[in-house]
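Listed here are the chains, written in short residue letters.
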Amino acid sequence: LLLNEILLSQGNPKGAYNTCASVLSQLGETIHNSVTPEAASSMLADTLTMYEEVYNDEWINKKLEDEKIRTIAKIYNTFVIACFLCKPRHILVYHMCRAVQLSLQNGTCQYT
């Protein structure tokens, strides 16, 4: 994460994006470097549906305790910043939705 912060502060969001994508892939996440606007719209619709199904007091109080998923959530924070700076908006939307889905499926923590 420190490397990504350094890359971002040096004005190298593509380097931060590639580093995060590599680490997320190693942690089992599927990272799509080419996403169509239609795929992003579909991912957004799926995320909103998932939100409507699980959002309640029980979900809000469900704490994400799985350390691997907490790490993935933390990396997604930097990843979506890098996406915002160097990728088309629909790719940003797609990956932000994935980060939100992780939280909806597993609970909340300081990184979600």
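No experiment lies behind these values; they were computed from the predicted model shown.

Cut-off values and rules
- Residues numbered from 1 in each chain as written.
- Predicted model: local features only at pLDDT ≥ 70, side-chain atom pairs only at ≥ 80, totals over all residues.
- Heavy atoms only, no water.
- Axes fitted to C-alpha atoms, helices over the stretch in contact; angles between N-to-C directions.
- Helix = DSSP H or I, 4+ residues; strand = E, 2+ residues; numbered from the N terminus.
- Parallel < 35°, antiparallel > 145°, perpendicular 65-115°, else oblique.
- Left-handed = near helix turned anticlockwise from the far one by under 90°.
- Contact = heavy atoms within 4.5 Å.
- Nonpolar A, V, L, I, M, F, W, Y, C, P; charged D, E, K, R; others polar.
- Core = buried A, V, L, I, M, F, W, Y, C linked by side-chain atoms within 4.5 Å.
- Buried < 20%, exposed > 50% of the residue type's maximum accessible area, 1.4 Å probe, protein only.
- Salt bridge = Lys/Arg side-chain N within 4 Å of Asp/Glu carboxyl O.

1. So, the packing of helix α1 (residues 2–9) against helix α2 (residues 13–26)
- Here α1 crosses α2 at 160°, and the two axes come no closer than 7 Å. By the criterion of interaxial angle, the relationship of α1 to α2 is roughly antiparallel. As for how α1 packs across α2, the hand of that crossing is left-handed. Side by side, α1 and α2 meet where Leu 3, Asn 4, Leu 7 and Leu 8 of the first sit next to Pro 13, Gly 15, Ala 16, Thr 19 and Cys 20 of the second.
- Of the residues contributing to the contact of α1 with α2, the split by class is six nonpolar, three polar and no charged.

2. Concerning the nonpolar core
- Counting residues in hydrophobic clusters, the biggest one holds 21 residues, and the most contacted among them are Tyr 17, Leu 24, Ile 31, Tyr 76 and Phe 79.
- Counting residues per element, the ones that place at least two in this core are α1, α2, α5 (67–86) and α6 (89–106).
- If you tally residues by element for this core, the top one is α5, at nine residues.
- Judged by nonpolar contacts, the second largest core, of six residues, contains Val 35, Ala 40, Met 43 and Tyr 94.

3. Notes on the packing of α2 against α5
- One way to put it is that α2 packs onto α5 with a least axis distance of 8 Å and a crossing angle of 145°. The interaxial crossing formed by α2 with α5 has left-handed handedness. Contacts between α2 and α5 involve Pro 13, Lys 14, Ala 16, Tyr 17, Cys 20, Ala 21, Val 23 and Leu 24 from the former and Ile 72, Ile 75, Tyr 76, Thr 78, Phe 79, Ala 82, Cys 83, Leu 85 and Cys 86 from the latter.

4. Some points on the pattern of salt bridges
- Scanning all chains against the criterion turns up two salt bridges.
- Here Glu 29 makes a salt bridge to Arg 98, at a shortest N to O gap of 2.9 Å. Taken together, the residues span a long stretch of sequence, with Glu 29 in the loop between α2 and α3 (37–54) and Arg 98 in helix α6 at a distance of 69 residues. In this structure, Glu 29 and Arg 98 share a single accessibility class: buried.
- Here Glu 67 ties to Arg 70 by a salt bridge, and the two come within 4.0 Å at their closest N and O atoms.

Note that all results are geometric; they support no functional claim without further evidence.
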